[in-house]
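Spelled out, the chains give:
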Amino acid sequence: MSTDKIRTRYAPSPTGRMHVGNLRSALYEFLIAKHAGGDFMLRIEDTDQERLVEGAVDIIYRTMEKTGLIHDEGPDKDGGVGPYVQSERMKTGIYMEYAKKLVEKGEAYYCFCDKERLATLKSEVVEGKEISVYDKHCLSLSKEEIEANLAAGKPFVIRQNIPNEGTTTFRDELYGDITVENAELDDMILIKSDGYPTYNFANVVDDHTMNITHVVRGNEYLSSSPKYQRLYDAFGWKSPTYIHLPLITDENHKKLSKRSGHSSFEDLIEQGFLTEAIVNYIALLGWSPEDNREIFTLDELIRDFDYTRISKSPAVFDIVKLRWMNGEYMKAMDADKFYEMAEPFIKEVITKDMDLKKVANMVKTRIEVFPDIKEHIDFLETLPEYDTEMYVHKKMKTNKETSLAVLEDILPRLEAQEDYSNDALYAMLSEYVAEKEVKNGYVMWPIRTAVSGKQTTPGGATELMELLGKDETIARIRKGIELLKAEV
Ligand code: GLU
């Protein structure tokens, strides 16, 4: 296979919902590949058997399909470099085979230390976690001792052998060359005692043997990358282009976590966000185009995505901004599609016989997420209790007296009116307005108040009356008259 072709991979560990940070890595990997006409691969990293969550692989497939991040190769699409699931790759013996090659080169060694001995080692805090630094005790074992231990079935791990002197340099596309002292790198485990490789080892073997050219991942992996570089060098392999992404934080500049309530794709979907808006928003978490444009379809992202424009500064997940963006997608949506998605939210509120498509059209430009629908339309189902002060409107030149007069005046006309379509009602009221030589609002304001009991409504008076129908409209006008009469 030609290695000139850009090949990227999304390599999730199936540990639960799809975190926004993971979806961003997947999206950027997808965009880098597709922008260059390359291949995007899905690899399941399930070597940490203790962290596996049932159903998580399904979540990965579902999310990728829904978001349109369609892989060219993966467990379900063989591209000739499989298996694409690390536990299955392990069964082929590939990791052990490569680990043994490193042992032969003196770049790795068997370690038989038991828990008790490891517990006595001094520990260091690395990336906020306390880890014990291995003291290379087993590096001095003779060939015979190793053979004897192995023959006796003694549990072992294989560790990377990192010299105490010298430095290691690797390159990240965004951070440039990074050089670290070897003394700061611990002899990490490559093969665990259960025979599984660690992520640290498997990612190198897999990215190389699967011809991956660009690796995008969170910058929590930045500090381990020198160790990976040493593995590539030891094998004599070229390392892929690394792109480590900035941290995603919440509004308080803390790492975006479950506590925020919107840290995963599934959370966002449950909160009523549209898939397209989520993908669009996530694309901008750390990346921006030259012209600061914000609304992108996936195809436009493919066209415009330039990974050299990814920022190193932390990206703040701003739910208010996402809501705004979602609202833009709602507005742009085709009316039928909008109705289809809005219907269940509308039906949760409206049980009366009403033209629900008209209800949907009325709220379409006013909501940011579907659950917003409720607060905009619940007055249609039941007239809320309201304060008659609402009839007082300076600009419309209305007060309680004028409102009462208009409502009493208009009631018989509404009773006589047969056609309750928006247009017919509007024509009838316009006639009344002309007759009385008053401003539109002088009549519409009290009527709208009486039929809605709300200060702001998603439609004008006649639109609401059309939805409510004759009987309900008249009942509400009467109610308004009754309330006003008690006060004036
Ligand atoms: N399995 C790793 C994770 O889910 C992947 C990291 C990488 O992309 O190399 O964090």
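Each chain has its residues counted from 1, running along the sequence as written. Confidence filtering applies because this is a predicted model: local features only for residues at pLDDT of at least 70, side-chain atom pairs given and counted only at 80 or more, and all residues used for totals across whole chains, interfaces and linings. Heavy atoms from the whole structure form the basis of all side-chain values; hydrogens and water molecules are not counted.

K.L.:
Break down the pairing of strand β10 (residues 214–218) for me, citing the residues and quoting the values.
P.N.:
In terms of residue burial, β10 counts as a mostly covered element, since 5 of its 5 residues are buried. Strand pairing is assigned whenever DSSP identifies at least 2 bridges connecting the two strands. Going along the chain from the N terminus, every DSSP run of H or I of four or more residues is numbered as a helix, and every run of E of two or more is numbered as a strand. Two strands pair when backbone bridges link them, and β10 and strand β11 (residues 241–245) are joined in this way by 5 bridges, in the parallel orientation. Across the sheet, residue V216 finds its bridge partner in β11, namely I243. Crossovers are described as right-handed under a simple rule: with the strands pointing away from the observer, the path leading from the first strand over the helix to the second runs clockwise. Handedness of the crossover joining β10 and β11 through helix α8 (residues 225–235) is recorded here as right-handed. Only protein chains enter the accessibility calculation, which uses a 1.4 Å probe; a residue whose area is less than 20% of its type maximum is buried, one above 50% is exposed, and one in between is partly exposed.

K.L.:
Could you give me a rundown of the sheet that holds strand β3 (residues 108–111), with the residues and numbers involved?
P.N.:
Ordered by their spatial adjacency, 3 strands build an open sheet running β3-β6-β9, and the pairing between neighbours is antiparallel. Unpaired on one side and paired on the other, β3 and β9 (189–191) mark the two borders of the sheet. Taken pair by pair, the neighbouring strands of this sheet meet at an average axis angle of 40 degrees, ignoring direction. By the bridge criterion, 2 bridges tie strand β6 (residues 157–160) to β9 in an arrangement that is antiparallel. Bridge pairing in β9 places R159 opposite I189. On top of the sheet, helix α4 (residues 94–105) reaches β3, β6 and β9; it is set at about 105 degrees to β3, its chief contact. The axes used here are C-alpha line fits, helices contributing only the stretch in contact, and every angle between their N-to-C directions lies in the interval 0 to 180 degrees. Residue contacts are defined here by distance: any two heavy atoms, one from each residue, within 4.5 Å place the two residues in contact.

K.L.:
Which residues make up the site of the ligand, and what values go with them?
P.N.:
Lining the immediate environment of the ligand, one finds R9, A11, P12, S13, E45, Y199, R217 and Y221. N or O atoms closer than or at 3.5 Å make up a polar contact, with two conditions inside protein: a donor-capable atom paired with an acceptor-capable one, and, for residues adjacent in sequence, both atoms drawn from side chains. Within the side chain of Y221, a nitrogen or oxygen atom sits 2.7 Å from an oxygen atom of the ligand. In short, Shrake-Rupley with a 1.4 Å probe defines the accessible areas, and a residue's cover is counted only from the protein chains shown. Taking 300 Å² as the accessible area of the ligand by itself, protein coverage stands at 85%. One heavy atom within 4 Å of a molecule or strand makes the whole residue count as near it.

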